[in-house]
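Examination of the molecular architecture
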Amino acid sequence: MKNSFINIMVVICVLLSTTTNAQIKNATTETVRIYGNCGMCKTTIEKTGNIKKIAKVEWDQDSQLATLTYDAKKTNQDEILKRIALAGYDSDKFLAPDDVYNNLHGCCQYERVAKVPVKEENKMMTTEAHSNHSNHFQSATDVIPNENQLDAVFSNYFLVKDALITSDATKAAVASKELLSAVNNIKMEKLEMDVHMVWMKVVNSIKEDAKQIGDNKDIKQQRQHFSNLSKDIYGLMKVAKYESPIYYQFCPMYNDGKGANWLSKEDAIKNPYYGSMMLSCGKTVEIIK
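This is a predicted model, so every value here is computed, not measured.

Leftover empty space is mapped by rolling, across the atoms, a probe with the size of a water molecule. Estimates place the volume of the largest pocket at around 490 Å³. Taken together, 19 residues make up the lining of the largest pocket; nearest its centre are Lys-73, Lys-74, Thr-75, Met-188 and Lys-207. Counting residues per element, the lining of the largest pocket draws most heavily on helix α8 (residues 193-215), at five residues. By volume, the second largest pocket is sized at about 220 Å³. Forming the walls of the second largest pocket are Ile-219, Lys-220, Arg-223, Gln-224, Ser-227, Tyr-254, Asn-255, Asp-256, Gly-259, Ala-260, Tyr-273 and Tyr-274. Classifying every residue of the lining of the second largest pocket gives five nonpolar, four polar and three charged.

On to the confidence of the model for the protein chain, then. Confidence in the prediction of the protein chain, expressed as mean pLDDT, is 83, and 81% of residues score 70 or more. In this model residues 119-147 is a low-confidence stretch, pLDDT under 50, and it forms 26 contacts with partners more than four residues away in sequence or in other chains.

Right, let's talk about the side chain of Gln-149 for a bit. Residue position: Gln-149 is located in helix α6 (residues 146-165). The exposure class assigned to Gln-149 is buried, which follows from its relative accessible area of 11%. At 3.2 Å, the side chain of Gln-149 and the backbone nitrogen of Lys-187 are in polar contact.

Here is what the cut-offs are and how they apply
- Residues numbered from 1 in each chain as written.
- Predicted model: local features only at pLDDT ≥ 70, side-chain atom pairs only at ≥ 80, totals over all residues.
- Heavy atoms only, no water.
- 1 Å grid on protein atoms, 1.4 Å probe; cavity = no way out; pocket = protein on both sides within 12 Å on 5 of 7 lines; lining within 4 Å.
- Points joined across faces, edges and corners; volume = space filled by probe spheres on them.
- Helix = DSSP H or I, 4+ residues; strand = E, 2+ residues; numbered from the N terminus.
- Nonpolar A, V, L, I, M, F, W, Y, C, P; charged D, E, K, R; others polar.
- pLDDT = per-residue confidence, 0-100.
- Contact = heavy atoms within 4.5 Å.
- Buried < 20%, exposed > 50% of the residue type's maximum accessible area, 1.4 Å probe, protein only.
- Polar contact = N/O pair within 3.5 Å; in protein donor to acceptor, adjacent residues only side chain to side chain.

Next up, the structure:
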């Protein structure tokens, strides 16, 4: 009877695993070590690592091994482990920030093994190590500077804004298609951690608004999507920064008096929501440095 029960449970586990893999396209499954102590840790680790139809994490408390199943075209092991590290749990690749680890419940504060926090970039590389580096994959702690990764995104956003100032729907569409291309070229796993977390929240809506502006020649609808786009670019620029001060500006008249914001490289007001009709309508509400 006992053996029959065990066999049934094994079959159920296999079926559940098969169902998970079927829901995730291009599924890759890997096993990695993630450090934790208890059932509360398990809940946090799995909830943080899971993304519906993209990534599934199953963590075993006894072995401290996690099974990662993910869509290899939409994410990767590093992205998943970084998210989990930012929730307070070390892996052999990434160490949680000290302040996050220290804020874990007492029963969750496992013995730490890794030495370098995930937010820190390894700046110590000897000549010999640098020579050997070309023969290996890039270290998980290496990142491409934000300005190199995101410069094209920000630059094309400003081109869209400039086209809307002149009420040129064709130019706005062209610039927005370039913006979408720049977004698609971003290597998310190589962004610095604070930028990476914001990027994951806004990337899909940025893509959608950029696509709508690019596919639409109606200047009114382009401006509606530009309003949404500006909110996401603002959040991203707050953490990624830009090479020069950026002016966050506000038009109180747009959208039936609800208002809308945009970003500009200059303090002078040039309103992208009304163009020449009300070119100087608005004010600077924040300077991002």
